[in-house]
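A closer look at the structure
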Amino acid sequence: MSEKIVSMKTYGIIFITLVVLTIVTYRVALIDLGVFNAVVALTIAAIKATLVALFFMHVRWSPRLTRLVIAGSLFWLLILLGLTLADYIARGPGWTHGLRYPGNP
Amino acid sequence: MAETTTVTGEHLEVLAHQFDDPKQQRQAGALGMWVFLSTEILFFGGLFTAYTVYRLAYHDVFAFASNELDVRLGFVNTLVLICSSFTMATAVYNAQKGNRKWLIVFMCATVMLGLVFLGIKAVEYAQKFEHHLVPGSHFSIEGMDPDKVQKAQLFFSLYFAMTGLHALHMIVGAGMMIVLILMAWRDRFSPEYHTPVELGGLYWHFVDIIWIFLFPLLYLLGRSTAGH
């Protein structure tokens, strides 16, 4: 019957962490790290999203069935991204010739 | 609507007849919301996939085009949304504790922050129109050769599609929040029954998560090369 009530202290810590990570992601983006700029930016975004989901959205205290639905949706997202990229990258060098945009014959 | 309504104390407890107890009802509600959010993840996923393919193909042009966005406004908007997620979480906390007054106060704060976000977004969109950065016949970036301009249009098409869909979700979220405030005003929630607040919160946080990814992908991707 009783429902897990997350303390305001926990919410406060998560909030401050999210603000700090936002500042970090902006600062790091100004430094030229080559391809690692994207890696760092997406890693920080993934950490922030996980914190929001686990604490603000109470996933940490959710039943297994709910977690399964979330894991399932992320798995399907991975299929969408993974297979699409596998197709384009497997076309080899010059794969961008097949892409269409305004003005591309 | 087959609902049995029983009065417990001064609050109304609403338990639909197909559920054994409030806990089962609450968990079923949250599960249903997550199934809906799954469809939303894949809805936005299509745009994220399109973005990824085109960014891999035209990385340099995308980085250049990205630097035309106002990163300060994007940064402030990220903080505004994080604050709104915090006030929403606080609203849910007060719903669970049965503090009706603070539930209303924090939901109002959440709506206000949502409106601030949309206001800043509107300023950004207006700037894009002024600077000829809206895809179409008036699109132009000075000093860029015509083929690259076409590719830069792709970036701005994705920018408007992704932030536009996100802004639409913010508008829906704000409308939903106003309904929740009215329900709270009429004393419809109690520590035993506040599922609508909880589910509204899930939606609001989801929209925040989308922006957490949109900000680095759209605003930050070319910043390290901006000075070159």
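Computed from a prediction, not measured in an experiment: that's the story for all the values here.

A tally of regular secondary structure across chain A gives 3 helices and 0 strands. Taken from the N to the C terminus, the helices and strands of chain A come in the order α-α-α. A globule of 105 residues ought to have a C-alpha radius of gyration of about 13 Å, yet chain A, at 20 Å, is considerably larger. In terms of overall dimensions, chain A has a C-alpha envelope of 60 × 35 × 25 Å along the principal axes. Residues classed as buried in chain A amount to 33% of the 105 residues present. Considering only intrachain contacts with a sequence separation of at least 6, the fraction spanning at least 24 residues in chain A is 50%.

Moving on, we get to the overall build of chain B. Each helix and strand in chain B was counted, giving 6 helices and 2 strands. Seen along its three principal axes, the alpha-carbon backbone of chain B occupies a region of about 70 × 30 × 30 Å. In chain B, which comprises 228 residues, the proportion classed as buried is 56%. Long-range pairs, those at least 24 residues apart, make up 78% of the contacts in chain B with a sequence separation of at least 6. When the accessible surface of chain B is summed, it comes to about 9800 Å², and 64% of that surface belongs to carbon and sulfur atoms. Separation of charge centres in chain B, based on 14 positive and 18 negative side chains, amounts to 4 Å.

Here the focus is the confidence of the model for chain B. Per-residue confidence for chain B gives a mean pLDDT of 92, with 93% of residues at or over 70. Across the whole predicted complex the pTM is 0.92, and at the interface the ipTM reaches 0.93.

With that settled, consider the interface of chain B and chain A. In this complex, chain B contributes 58 residues to the contact, which on the side of chain A involves 55 residues. When chain B packs against chain A, close to 4800 Å² is buried across both sides, 78% of that on carbon and sulfur atoms. Put simply, chain B and chain A have 0 salt bridges between them. Our count for the chain B to chain A interface comes out at 3 residue pairs in polar contact (both at pLDDT 80 or more). At the level of secondary structure, the elements contributing two or more residues to the side of chain B that touches chain A comprise α1 (22–57), α3 (71–97), α5 (146–185) and α6 (195–219) of chain B.

Counting through the fold element by element, G164 of chain B comes out in helix α5. Other than its neighbours up to four places away in sequence, G164 of chain B contacts Y125 and Y159 of chain B.

Bringing helix α3 (residues 64–89) of chain A into the picture now. Over its 26 residues, α3 of chain A runs 36 Å from end to end, which matches the ideal 38 Å to within 8%, given 1.5 Å per residue. Where α3 of chain A is concerned, the buried positions are T66, I70, S73, L77, L85 and Y88 of chain A. For α3 of chain A, the secondary structure elements touched by its buried residues are α1 of chain B.

With that settled, the discussion passes to the side chain of H194 of chain B. The topology assignment puts H194 of chain B in the loop between α5 and α6. The buried category is assigned to H194 of chain B, whose relative accessible area is 1%. Among the polar contacts listed, one links the side chain of H194 of chain B to the backbone oxygen of S190 of chain B, at a separation of 3.1 Å. Beyond its immediate chain neighbours, meaning those up to four positions away, H194 of chain B contacts E3 of chain A together with A95, Q96 and F189 of chain B.

Right, let's talk about the packing of helix α1 (residues 8–29) of chain A against α3 of chain B for a bit. At a minimum axis distance of 10 Å, the contact between α1 of chain A and α3 of chain B shows a crossing angle of 170 degrees. Classified by the angle between their axes, α1 of chain A and α3 of chain B sit roughly antiparallel to one another. Contact residues: α1 of chain A offers M8, Y11, G12, F15, L18, V19, T22, I23 and Y26 of chain A, while α3 of chain B offers V71, F75, T78, L79, I82, C83, F86, A89, T90 and Y93 of chain B. Its residues placed into classes, the contact of α1 of chain A with α3 of chain B shows 15 nonpolar, 4 polar and no charged.

Below, the discussion takes up the packing of helix α2 (residues 36–56) of chain A against α6 of chain B. The geometry of α2 of chain A relative to α6 of chain B is characterised by a closest axis approach of 9 Å and an angle of 170 degrees between their N-to-C directions. Classed by the angle they form, the pair α2 of chain A and α6 of chain B counts as roughly antiparallel. Taking contact as the criterion, the partners of A41, L42, A45, A46, K48, A49, V52, A53 and F56 of chain A in α2 of chain A are, on α6 of chain B, H205, D208, I209, I212, F213, P216 and L217 of chain B. A breakdown of the residues in the contact of α2 of chain A with α6 of chain B according to their chemical character gives 13 nonpolar, 1 polar and 2 charged.

A separate point is the side chain of N37 of chain A. Relative to the assigned elements, N37 of chain A resides in helix α2. N37 of chain A gets classed as buried once you look at its relative accessible area, which sits at 13%. For N37 of chain A, the contacting residues outside a window of four places in its chain are V28, A29, I31 and D32 of chain A together with S224 of chain B.

Thresholds applied
- Residues numbered from 1 in each chain as written.
- Chains lettered and ligands numbered in written order.
- Predicted model: local features only at pLDDT ≥ 70, side-chain atom pairs only at ≥ 80, totals over all residues.
- Heavy atoms only, no water.
- Helix = DSSP H or I, 4+ residues; strand = E, 2+ residues; numbered from the N terminus.
- Rg over C-alpha atoms; globule rule 2.2 N^0.38 Å.
- Buried < 20%, exposed > 50% of the residue type's maximum accessible area, 1.4 Å probe, protein only.
- Contact = heavy atoms within 4.5 Å.
- Areas by Shrake-Rupley, 256 points an atom, 1.4 Å probe, with all protein chains shown as cover.
- Lys, Arg positive; Asp, Glu negative; His and termini not counted.
- Charge placed at Lys NZ, Arg CZ, Asp CG, Glu CD.
- pLDDT = per-residue confidence, 0-100.
- Buried area = accessible area lost by both parts, 1.4 Å probe.
- Salt bridge = Lys/Arg side-chain N within 4 Å of Asp/Glu carboxyl O.
- Polar contact = N/O pair within 3.5 Å; in protein donor to acceptor, adjacent residues only side chain to side chain.
- Expected span 1.5 Å × (residues − 1).
- Axes fitted to C-alpha atoms, helices over the stretch in contact; angles between N-to-C directions.
- Parallel < 35°, antiparallel > 145°, perpendicular 65-115°, else oblique.
- Nonpolar A, V, L, I, M, F, W, Y, C, P; charged D, E, K, R; others polar.

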